[in-house]
Amino acid sequence: MNSLNSASTLETHLETQTVIYPTLQYLVRFLPWDGKRIFDHLREECKHNPFIIENSDFHTNEALLDDILPNWYSPIAQELSLSEHLIGQISALSIPYKQREALIYLTQWLSNSGYLEETPEVWADDSIWSAKELQAVVPLLQSLDPPGIGTRTLQECLLIQLKDHPESLTFLLVQNYLEDIANCVGNSSESKQNFQALLQKLCRNHQNLDVDINKINDAIQKIQELEPRPARNFGGSDAPIVTPDLKVELIAESWQISLAYEVKQRFCLNSEAIKLLQESPKARRDTQQLEALLQKARNLLTALQQWQENLLKVGTFLVERQQVFLQSRDKLDLVSTPQQLVAQSVGLSNSTVSRIVRGRYILVCNQPSRIIPLHSLCVPVGVGGRTPQQIQQMLLQLIAEESPANPHTDEQLAQLLKIQFSLPITRRTVTKYRKIAGIKSSHQRKLTDKKMGSKIQKARKSLELSKLSL
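Criteria and cut-off values
Residues numbered from 1 in each chain as written. Predicted model: local features only at pLDDT ≥ 70, side-chain atom pairs only at ≥ 80, totals over all residues. Heavy atoms only, no water. Helix = DSSP H or I, 4+ residues; strand = E, 2+ residues; numbered from the N terminus. Buried < 20%, exposed > 50% of the residue type's maximum accessible area, 1.4 Å probe, protein only. Contact = heavy atoms within 4.5 Å. Arc of directions from axis to C-beta. Core = buried A, V, L, I, M, F, W, Y, C linked by side-chain atoms within 4.5 Å.

A look at unusual backbone geometry
Point 1. The omega torsion of the bond from aspartate 145 to proline 146 falls at 5°, within 30 degrees of zero and hence cis.
Point 2. One non-glycine residue with positive phi stands out, namely alanine 252, at about 55°.
Point 3. Note that alanine 252 resides in the loop between strand S2 (246-251) and strand S3 (254-259).
Point 4. Judged by relative accessible area, which is 75%, alanine 252 ranks as exposed.
Point 5. For glutamate 253, which is not glycine, the phi torsion reads 65° and is therefore positive.
Point 6. Along the polypeptide, glutamate 253 turns up in the loop between S2 and S3.

Right, here's the structure in full:
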């Protein structure tokens, strides 16, 4: 009887445990990784798993043109910054003062790699120099150390480093056949065919040139020893190498997106190993272990395929939303695209989209090409469907039109935004965006205007006194 009573007091607890399938586990791990990290992971997996191999027939021209460096390459950063290094050399040049100042100003436009990526017109905008004046000092900048600094393209950078050997085969290859030699890098059958085609092209176009396969190999090796990023060793820390996973190109007046390179195509299942496993006796002790490795290889490649599909899916949606911005490069043209909207539109969870856009980059192939963070296309919604940048621009426009003696308060700005831009916004929100834009309060703007007015009045009086004394 006692046992029945005790049994009746027992409570049943149901517990649920989340089971994540192996493929999903790998996918979750891959989502925040860029293509290079995944490539390194799979290449390491190839060393321990006989059922996954690197596709030797896969061809890529990244080795030279995109500056894919070996993993052991980690240059030691100098303590001197690039700016200090260049200004020290500029101060020693025997050039006019104005030219020296223009040269120092131009160093501000150098990228982290040491390239001048904008046009002279952009350099000259809002400066005291004309585009022609700044263009004139570019050769002076390119004459400084490190060699290749201030160049506009990889080809120009390499040619400057080879300027003391203008008659060499290396110089000729960089000047006329840079893309051809990039296609020759690698051990695939296609690379070997491209190598033979390059040799034939050289013999046909330069009949007086004594060239053979060994000499071309030596020249390519010298090219790979050159520095493609002259500013890499400056700035107090190693310059990070950004590897874009996506790229967009303007095709028929529309921006089209694609994967920068498909990691999935570089790895495949080892059909020979699978055949041997199928033919082996089932009684062998290691058969179960080998079957587990085969299943792991399949899971990895499936997860990799899903990783690329999800990345392309998110990138396609964002590029379609931001077509105008990609063309104009003006942040005011960005369309509000919060991550929640992306997730709902592409059928992924918000956390998955967050992992995809975080720390990932997209190559915009126009003139000039540029690399932008993917998350910069995920613009949060401000007020009334406007982006924060657009609201700040509206505030700047209203303040530029206000009376300096009687500037608008935040309450008045809220009313003007409602009247002129049909933007319902509270005074508190106006204050928030005004501070983000770095705009002073109405009281501070009025005080600043009074001080400027008093300074002008003092200047006028001193000028009148000087005229009387004369």
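This is not the end of the story, as more comes after the structure.
Regarding the environment of isoleucine 90
Point 1. Topologically, isoleucine 90 is positioned in helix H5 (residues 82-90).
Point 2. For the pair isoleucine 90 and leucine 144, spaced 54 residues apart in sequence, the C-alpha to C-alpha distance is 8.2 Å.
Point 3. If sequence neighbours within four positions are ignored, isoleucine 90 has contacts with Arg100, Leu103, Ile104, Thr107 and Leu144.

Section: helix H2 (residues 22-30)
Point 1. For H2, the full list of buried residues reads Thr23, Tyr26, Leu27 and Phe30. One face of H2 carries all of its buried residues, which in axial projection span an arc of 100°.

Here's the deal with the nonpolar core
Point 1. Membership of the largest hydrophobic core comes to 50 residues, with the highest contact counts inside it found for Phe30, Val263, Trp307 and Val314.
Point 2. With residues near it in sequence (within four places) discarded, tryptophan 307 still touches Leu27, Phe30, Leu31, Trp33, Asp34, Gly35, Ile38, Asp245, Val263 and Arg360.
Point 3. Ile181, Leu199, Ile216 and Ile223 belong to the second largest nonpolar core, which has 25 residues in total.

The values reported here are purely geometric and, on their own, carry no functional implication.
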